[in-house]
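An overview of the molecular structure
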Amino acid sequence: MVIYDNKEWIETIVNFYRSYIIRQIFRSTLLVGLITAVLSFIVMEVLQLQIKFHSNVFSLLGIVLSILLVFRTNTAYDRWWEGRKLWGGLVNNSRNMALMVHSLLEGQATEDRNFYAKHIANFAIAMKEHLRKGVKLEELHHLDPVEQKIYQSRQHIPNHIISQLYERTQQLQKNGTISGYDAIPLKTHLQAFTDILGACERIKKTPIPFSYSIYIKTFIMLYTVILPFGLLEEFGYYTILLVMFIFYAFIGVELMAEEIEDPFGLDCNDLPTGNIATTIKNNTYEILCLYAEVEKEDEKELYEKVF
Amino acid sequence: MVIYDNKEWIETIVNFYRSYIIRQIFRSTLLVGLITAVLSFIVMEVLQLQIKFHSNVFSLLGIVLSILLVFRTNTAYDRWWEGRKLWGGLVNNSRNMALMVHSLLEGQATEDRNFYAKHIANFAIAMKEHLRKGVKLEELHHLDPVEQKIYQSRQHIPNHIISQLYERTQQLQKNGTISGYDAIPLKTHLQAFTDILGACERIKKTPIPFSYSIYIKTFIMLYTVILPFGLLEEFGYYTILLVMFIFYAFIGVELMAEEIEDPFGLDCNDLPTGNIATTIKNNTYEILCLYAEVEKEDEKELYEKVF
Amino acid sequence: MVIYDNKEWIETIVNFYRSYIIRQIFRSTLLVGLITAVLSFIVMEVLQLQIKFHSNVFSLLGIVLSILLVFRTNTAYDRWWEGRKLWGGLVNNSRNMALMVHSLLEGQATEDRNFYAKHIANFAIAMKEHLRKGVKLEELHHLDPVEQKIYQSRQHIPNHIISQLYERTQQLQKNGTISGYDAIPLKTHLQAFTDILGACERIKKTPIPFSYSIYIKTFIMLYTVILPFGLLEEFGYYTILLVMFIFYAFIGVELMAEEIEDPFGLDCNDLPTGNIATTIKNNTYEILCLYAEVEKEDEKELYEKVF
Amino acid sequence: MVIYDNKEWIETIVNFYRSYIIRQIFRSTLLVGLITAVLSFIVMEVLQLQIKFHSNVFSLLGIVLSILLVFRTNTAYDRWWEGRKLWGGLVNNSRNMALMVHSLLEGQATEDRNFYAKHIANFAIAMKEHLRKGVKLEELHHLDPVEQKIYQSRQHIPNHIISQLYERTQQLQKNGTISGYDAIPLKTHLQAFTDILGACERIKKTPIPFSYSIYIKTFIMLYTVILPFGLLEEFGYYTILLVMFIFYAFIGVELMAEEIEDPFGLDCNDLPTGNIATTIKNNTYEILCLYAEVEKEDEKELYEKVF
Amino acid sequence: MVIYDNKEWIETIVNFYRSYIIRQIFRSTLLVGLITAVLSFIVMEVLQLQIKFHSNVFSLLGIVLSILLVFRTNTAYDRWWEGRKLWGGLVNNSRNMALMVHSLLEGQATEDRNFYAKHIANFAIAMKEHLRKGVKLEELHHLDPVEQKIYQSRQHIPNHIISQLYERTQQLQKNGTISGYDAIPLKTHLQAFTDILGACERIKKTPIPFSYSIYIKTFIMLYTVILPFGLLEEFGYYTILLVMFIFYAFIGVELMAEEIEDPFGLDCNDLPTGNIATTIKNNTYEILCLYAEVEKEDEKELYEKVF
């Protein structure tokens, strides 16, 4: 995720090349400009056609299209923002769980503290990769060889980690370390972990329905193909400029919506799930007073520092 | 549900025939084109009428219509997305319930584990069919002849399955296997099952109010009939093309909204409830360490793999 | 509530007369057409005025109006859908409560089972009527003469029924039939009953603010009166047709919004609260194994069967 | 709050004078009409200017403005509706709390019953005034001189009332009248009281950001000043009519949004918080069987009766 | 946050200079006016070009842009309003926590009361600064030298404060001052603190995706550059006025959205988090009967007094 100062217009615009999508928009706009130029030349100089399309109809279609694109943008943005909320919820739940465990366990129960810290941190890390291309076991912390083996045999690593946490909590409840009253909120947090995981999977795996995707793409393509005929007679070679601008307006909204629709990847607008996972790890170890494990966050230039 | 890579425009558009609705849109657009062609021929060649409709009025009506269609799309999409959330919630609840039961029951309590795994899985399968055309008992797993008989006598199978789960939980609480503290969240999950079921029934059984449905259909039809008269004089035979494009714009939004409004069927944009139910079954058995029952998911090409 | 197959356009449109509101829309549109015809005749033939209103201004006003009407529609639809959700929630809560009571009470506790079944069912029936014109005691089931008398003395019957359920639950908790753990979720359901009731009352009693109602009505009327002057010169007698179409577009949205704004009545788009109440009754008795009381639902043609 | 039958158009429109805001809209529209008339006279007769403003630009600006005004309306209406929901929640919570107390306390515990009834009712009354201009102690019921004195010394009366309820509940829990299980939901209701109070304070104290308020006001004023120049040449003295209509369209939306933004006052569209508070009082006393205190609600003509 | 009376138009508009953003809008609008004036002079007097751009295309682009800007405004406003809700929730939670502690602890437990009051108040103060530029320890109340040292060693002060509250609550539960029943809601409030904190951090750290920010800025700039060419021929030097007005319309929406997007700073439209924190402190001390600590709120002119 690119960080930027929203109020610095000039700087923001100059840095536009940092956004992959913006570059793509510019490239496809240039392509459309080129095609329109060739077309205009053929129609006006070679064929010398006299086409008279009233541009009112193009206005109507353009407005219809833009209303649809706002629908598209809203739904895509809602996913992105819901994804952000879910990861924010993961931070909150991890912190809360750590705070609770810290207040419930005596200071010397280092083994239990370590267990919770490690598994809470590993859950965030595993979930991050699970939502990309599958969990890489080498990214998880402190897996001993036995665990490594068990983890390898499981398909759904995040589920397995939650299961470990459930079992340990149940065990502590049974041996009386944690009372029944205190086990309830702990389990509520574990449940929240599952819920967040499931909701992220839902966002990742359910893009906008296929028909809408085709429909909008076809609409934009048709519109761009027909548009020059509606402008040529009146604007001559200025048509190229206008078509490019109008195409830029529509393609931009569609492409940006496509990018943020699946917010867990590594695109420049995607959520900084990697950083958030690191933060969760640090917070958890710090709260549980296991300071040795708190890593220095490496500030990456232009990338957001998450709490 | 068709899966696709949102960023591959060419491939997506070439595959358009996979979407039943898109094909329907193209077909009806062609039909409208044909009718307009005949009409244009009659008006211009046979009758040689001189109709002069200012197209501003058509712009106004078109914008009004498209604003309405976005309202239509929003409400339809909200149902679809709510349906997806509910099934996502079902996945979460099933997993959580399995995780809880797993941590509460000793490893040797195979009978109880089997009971929960079977009923949780069967609930998802029964619900899937219940939301289509009624539950087929042969799809449910491990029903012994006695159960088969009882199930046949019940009208509302999903309700009956939840009732079984309630009774077993209550029984385990009574004989002390599960403490009072632990029974509360278990029952909360059962309650969530009922809530999800009820909400899906609500979505299925309550389409957009009848009046809106007629109103929009009448509006589109009237508009398409009158539109050629507004364009003929100015555009001549190009009118056919323009009418087809405008009709495509409006009918597309309406038809797609109709398709996703009831998201539990087998249309190409409907939710993959079958796959989700299989996933729930696999997850549940895996979490409860009943690996023998975990089926290999058969990857269907172009159909989404759900977690 | 009219049921219909959303995908059968022809059939739907042919059945339009079933919707009271659609008929009303057609009627008022015809009236406006008539008035416009007379007006056009007078202006063009009798007075032979030359009015030249640029229709751009009418487009602007029309778009402003339609944006407002979408706001109107959204808020009205939100009420309707919230009402549907609330009644769906009532179904869920009733089922859940019945399932819980069923698992908590021994099979032979017929008196208690009957008590809960009767009061849960009666609550739904009383609420349905309470949201129309007041509860008719003869619709409630199994009221003995003593109860009849008490009920008659109460103003707010649904409240009284919940109060009965609270008292019985408290009593069962006191005599040990239900443990403290189990009483909590039961009471949560009773609380949900009150919340649903209160929310329905809120929807019924709070229409859109008075000013908005007047404002929109005045706007439509003024617009329709002035519109012909903007079209007459250009379109001649076609003006009648266009005015009717535009009027149809605006009045339709407003009238439909008015109809669904209070969704608990007996209009054709209102929610099938009667059917839902019957369903709740049947479900409750079936879950509590009091099969004798389960009535055959009488399928009404063209009316929705609710689960 | 004015009550009205939404389906009686004529009657509603004739009664428009009951809405203060509608009258204000008409008045300012007349004023604008007058100014435009003078302006038109000067430009056309005195200066005989020939201004040729293409009205397309005004359409664009008008549409931009109306889209913004819908944003304005949506946010204002959301506050109004959230306020209504909060007061509806207050009704539900009060009823539920009374129902619970009724089922928990023996019939003879008149002192405790009276305490709860009095404080629940007083909370609603105090909150109503707190959201207007501060609590008037004489409106609260049954304050004895000692209480009167304590109340006078407190800044935040509603907080103090909740505090009383907390203390009494804690006391009853300590002396065993109420079990630990039963105290939890009671305290949850008290917490809901605080939450509702805080949310109402938030709505009251946070209007739309200052910049938006200025921005929209300036936009409307500028637009109205420039508009006549765009219409004069084409429409002559009809300009006055058109400017008035367009101004009416914009100013109406803005003024109505301003009115409903703070919904707890005494404007004609504000929420009937006074009536709701009385209803809460009556309901609470009725549920707790303290019939002597149930007042006859005095029906105010044209004002909504709340449940 | 500037307070103002929404119904005083004249006064509001005259006070516009109080809004930094509005001033910025006016300044940039003037700049654009100047540039357009120079451009117009060059085109018309020096080059004497005859450019004929149909302004329909500009209308289309303008409408597309304004629809996008409403999307922009909606998302920015949602953040602002969510931020307000979160701080409102902080007020509610603090009050509730104080009310609970007050009812749970005996009057003489001054040390514990002081502990809760101090930490609840300090949490709000620390959070306010944490969302700006980091916590200033000197703003926190009653830190003794030992605490000061510990606080200095922590990175995340608000987390540390919650941790203190958790530990103390756990300790009181262990020594029997607070029962298990009563500890649950107390811990729920602590959890709510973490959740509110995390949600505010999310809002602060996740602006609208970078691509959208660039896209909109580029769109507005391109539009403003091309616009004069579309108007010059028709409007001559009036073009300057029109370009300024249209630019004002678009830039205003964008700049205001940028301002309220991060609502925790010190801009004139930002939330009055400082005042809210003071209020929380006063309320908490008052509820816990530690009147000596209740400070007189210093009314700042034109700044909102929060409850």
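Residues numbered from 1 in each chain as written. Chains lettered and ligands numbered in written order. Predicted model: local features only at pLDDT ≥ 70, side-chain atom pairs only at ≥ 80, totals over all residues. Heavy atoms only, no water.

Looking only at helices and strands, one finds 10 helices and zero strands in chain A. Listing each helix as α and each strand as β along chain A from the N terminus yields α-α-α-α-α-α-α-α-α-α. Per-residue burial over chain A gives 65% buried out of 307 residues. Sequence-distant contacts in chain A: of pairs separated by 6 or more residues, those separated by 24 or more amount to 74%. Carbon and sulfur atoms provide 58% of the accessible area of chain A, an area that totals close to 11300 Å². (Helix = DSSP H or I, 4+ residues; strand = E, 2+ residues; numbered from the N terminus. Buried < 20%, exposed > 50% of the residue type's maximum accessible area, 1.4 Å probe, protein only. Contact = heavy atoms within 4.5 Å. Areas by Shrake-Rupley, 256 points an atom, 1.4 Å probe, with all protein chains shown as cover.)

Our focus in this paragraph is the relation of the copies chain D and chain E. Here chain D sits on chain E after a turn of 72 degrees about the axis and a move of 0.0 Å along it, with an RMSD of 0.0 Å. With respect to symmetry, the two chain copies, as superposed, fit the operation of a five-fold axis. (Least-squares fit on C-alpha atoms with pLDDT ≥ 70 in both.)

Counted at 1.5 Å a residue, the expected span for helix α7 (residues 180–205) of chain C with its 26 residues is 38 Å, and the 38 Å between its end C-alpha atoms agrees. Across the 26 residues that make up α7(C), a large majority, 20, are buried. (Expected span 1.5 Å × (residues − 1).)

Counting residues at the interface gives 69 residues for chain D and 70 residues for chain E. With both chains or domains summed, chain D and chain E bury close to 6400 Å², and 68% of this area falls on carbon and sulfur atoms. With a shortest N-O distance of 2.7 Å, Asp182(E) and Lys187(D) are connected by a salt bridge. At the boundary of chain D with chain E, the tally comes to 14 residue pairs in polar contact (both at pLDDT 80 or more). When residues of the side of chain D that touches chain E are traced back to their parent elements, those giving at least two are α3 (55–104), α6 (157–174), α7 (180–205), α8 (210–235) and α9 (238–261) of chain D. Ranked by the residues each element gives to the side of chain D that touches chain E, the list is headed by α7(D), at 16 residues. Its residues placed into classes, the side of chain D that touches chain E shows 32 nonpolar, 18 polar and 19 charged. (Buried area = accessible area lost by both parts, 1.4 Å probe. Salt bridge = Lys/Arg side-chain N within 4 Å of Asp/Glu carboxyl O. Polar contact = N/O pair within 3.5 Å; in protein donor to acceptor, adjacent residues only side chain to side chain. Nonpolar A, V, L, I, M, F, W, Y, C, P; charged D, E, K, R; others polar.)

On to the packing of aromatic side chains. Within the structure shown, the criterion is met by 75 aromatic pairs over all chains. Considering the side-chain rings of Phe219(B) and Phe245(C), the 5.3 Å spacing of their centres and the 55 degrees angle between planes classify their relative orientation as tilted. With Phe219(B) in helix α8 (residues 210–235) and Phe245(C) in helix α9 (residues 238–261), this pair bridges two chains. Each member of the pair, Phe219(B) together with Phe245(C), is buried. A ring pair is formed by Phe71(C) and Tyr77(D), whose centres lie 5.5 Å apart and whose planes are at 90 degrees; its orientation type is edge-to-face. A residue pair is termed interchain when its members come from two chains, as with Phe71(C) in helix α3 (residues 55–104) and Tyr77(D) in helix α3. With relative accessibility at 3%, the residue Phe71(C) sits in the buried group. Assessed through its relative accessible area of 4%, Tyr77(D) is described here as buried. What links up through ring pairs into an aromatic cluster is the set Phe26(A), Phe245(A), Tyr248(A), Tyr215(E) and Phe219(E). Over the ring of Phe115(B) we find Arg168(B); its NZ or CZ atom is 3.9 Å from the centre of that ring. (Phe/Tyr/Trp six-rings, centres within 6.5 Å; stacked < 30°, edge-to-face > 60°. Lys NZ or Arg CZ within 6 Å of the ring centre and 35° of its normal.)

This part covers the nonpolar core. Side chains of a nonpolar character, in soluble globular proteins, are inclined to be buried together. Core analysis: the largest hydrophobic core is formed by 495 residues, its most contacted members being Phe219(A), Phe219(B), Phe219(C), Phe219(D) and Phe219(E). Ignoring any residue separated from it by four or fewer positions in sequence, one finds Phe219(C) in contact with Leu61(C), Val64(C), Leu65(C), Leu68(C), Phe245(D), Tyr248(D) and Ala249(D). (Core = buried A, V, L, I, M, F, W, Y, C linked by side-chain atoms within 4.5 Å.)

Across the boundary between the two partners, chain E contributes 69 residues, which contact 70 residues of chain A. Carbon and sulfur atoms make up 68% of the surface buried where chain E meets chain A, a total of about 6400 Å² over both sides. For the interface between chain E and chain A, the tally reads two salt bridges. Ionic pairing is found between Glu201(E) and Arg95(A), a salt bridge with its closest N-O pair at 3.1 Å. The interface formed by chain E and chain A contains 14 residue pairs in polar contact (both at pLDDT 80 or more). Elements with a contribution of two residues or more to the side of chain E that touches chain A: α3 (55–104), α6 (157–174), α7 (180–205), α8 (210–235) and α9 (238–261) of chain E. Considering every element that reaches the side of chain E that touches chain A, the biggest residue donor is α7(E), with 16 residues. Class assignment for the residues of the side of chain E that touches chain A results in 32 nonpolar, 18 polar and 19 charged.

Turning our eyes to something else, we now look at unusual backbone geometry. Notably, His142(B) is not glycine yet its phi reads approximately 60 degrees, a positive angle. Residue placement: His142(B) occurs in the loop between α4 (110–130) and α5 (145–153).

The UniProt record annotates "transmembrane region" (unreviewed entry) at residues 25–47, 53–71, 212–231 and 237–257 of chain A. Helix makes up 100% of residues 25–47 of chain A and strand 0%, with an end-to-end C-alpha separation of 31 Å. (UniProt positions renumbered as here; feature names shortened; annotations may be inferred.)

Superposing chain E onto chain A takes a rotation of 72 degrees combined with a translation of 0.0 Å along the rotation axis, leaving an RMSD of 0.0 Å. Interface residue correspondence from chain E to chain A reaches only 9%, placing this contact among heterologous pairings that use different surfaces.

Right, let's get into the packing of helix α6 (residues 157–174) of chain B against helix α7 (residues 180–205) of chain B. Residues and elements named next belong to chain B. Two elements in contact, α6 and α7, have axes whose closest approach is 10 Å; the angle formed by their N-to-C orientations is 175 degrees. One finds that α6 runs roughly antiparallel with respect to α7. Facing α6, whose interface residues are Pro158, Asn159, Ile162, Leu165, Tyr166, Thr169, Gln170 and Gln173, α7 presents Gly180, Ala183, Leu186, Lys187, Leu190, Gln191, Phe193, Thr194 and Leu197. Of the residues that constitute the contact of α6 with α7, the class distribution is nine nonpolar, seven polar and one charged. (Axes fitted to C-alpha atoms, helices over the stretch in contact; angles between N-to-C directions. Parallel < 35°, antiparallel > 145°, perpendicular 65-115°, else oblique.)

Throughout the structure, instances matching the rule amount to 70 salt bridges over all chains. For Glu82(B), the salt bridge identified is with Arg202(B), shortest N-O distance 2.9 Å. Remark: Arg202(B) occurs in helix α7 and Glu82(B) occurs in helix α3 (residues 55–104); sequence separation between them is 120 residues. A single network of salt bridges, built from pairs that share partners, joins Arg72(A), Lys217(A), Glu254(A), Glu258(A) and Glu261(A).

Attention now goes to the confidence of the model for chain A. Residue and element names in this part refer to chain A. Of all residues in chain A, 88% have pLDDT values of 70 or greater, and the mean over the chain is 84. For chain A, the element scoring lowest by mean pLDDT is helix α1 (residues 9–14), at 69; helix α4 (residues 110–130) scores highest, at 93. Note that residues 298–307 has pLDDT below 50 and, in this model, 29 contacts with residues that lie over four places away or in other chains. (pLDDT = per-residue confidence, 0-100.)

Moving on: the environment of Glu129(A). Residue and element names in this part refer to chain A. Relative to the elements of secondary structure, Glu129 occurs in helix α4. Separated by 29 residues in the primary sequence, Glu129 and Pro158 place their C-alpha atoms 9.8 Å from one another. What Glu129 contacts, discounting residues up to four positions off in sequence, is Gly134, Val135, Lys136 and Glu139.

Taking 1.5 Å per residue as the helical rise, α8(B) with its 26 residues ought to reach 38 Å, and the 37 Å between its terminal C-alpha atoms agrees with that figure. In the stretch just after α8(B), Gly236(B) is the one whose phi turns positive, near 60 degrees.

The next subject is a nonpolar patch on the surface. A grouping of Val38(A), Phe41(A), Ile42(A), Val46(A), Leu47(A), Leu49(A) and Tyr237(A) is seen on the molecular surface, where their side chains present a nonpolar patch of about 650 Å² in accessible area. Within the element layout of this structure, Leu47(A) appears in helix α2 (residues 20–47). (Patch = residues over 30% accessible without salt bridge, like charges linked within 9 Å, V, L, I, M, F, W, Y side chains within 5 Å.)

So, on to the environment of Phe26(E). Tracing the chain through its elements places Phe26(E) in helix α2 (residues 20–47). Considered as a pair, Phe26(E) and Gly252(E) are 226 residues apart in the sequence and their alpha carbons are 8.8 Å apart.

Right, let's get into the packing of helix α4 (residues 110–130) of chain D against α7(D). Residue and element names in this part refer to chain D. At their nearest, the axes of α4 and α7 sit 11 Å apart, and the two run at 10 degrees to each other. One way to sum up the angle between α4 and α7 is to call them roughly parallel. Counted together, Ile120, Phe123, Met127 and His130 of α4 and Phe193, Ile196, Leu197, Cys200 and Glu201 of α7 form the full contact between these two elements. For the contact of α4 with α7, the residue count by class is seven nonpolar, one polar and one charged.

Secondary-structure assignment places Glu258(B) in helix α9 (residues 238–261). A distance of 3.1 Å separates a polar atom in the side chain of Glu258(B) from a polar atom in the side chain of Lys217(B).

Among the secondary structure elements, Thr206(C) is positioned in the loop between α7 and α8 (210–235). Accessibility expressed as a relative area gives 0% for Thr206(C), which makes it buried. A distance of 2.8 Å separates polar atoms of two side chains, one belonging to Thr206(C) and the other to Arg84(D).

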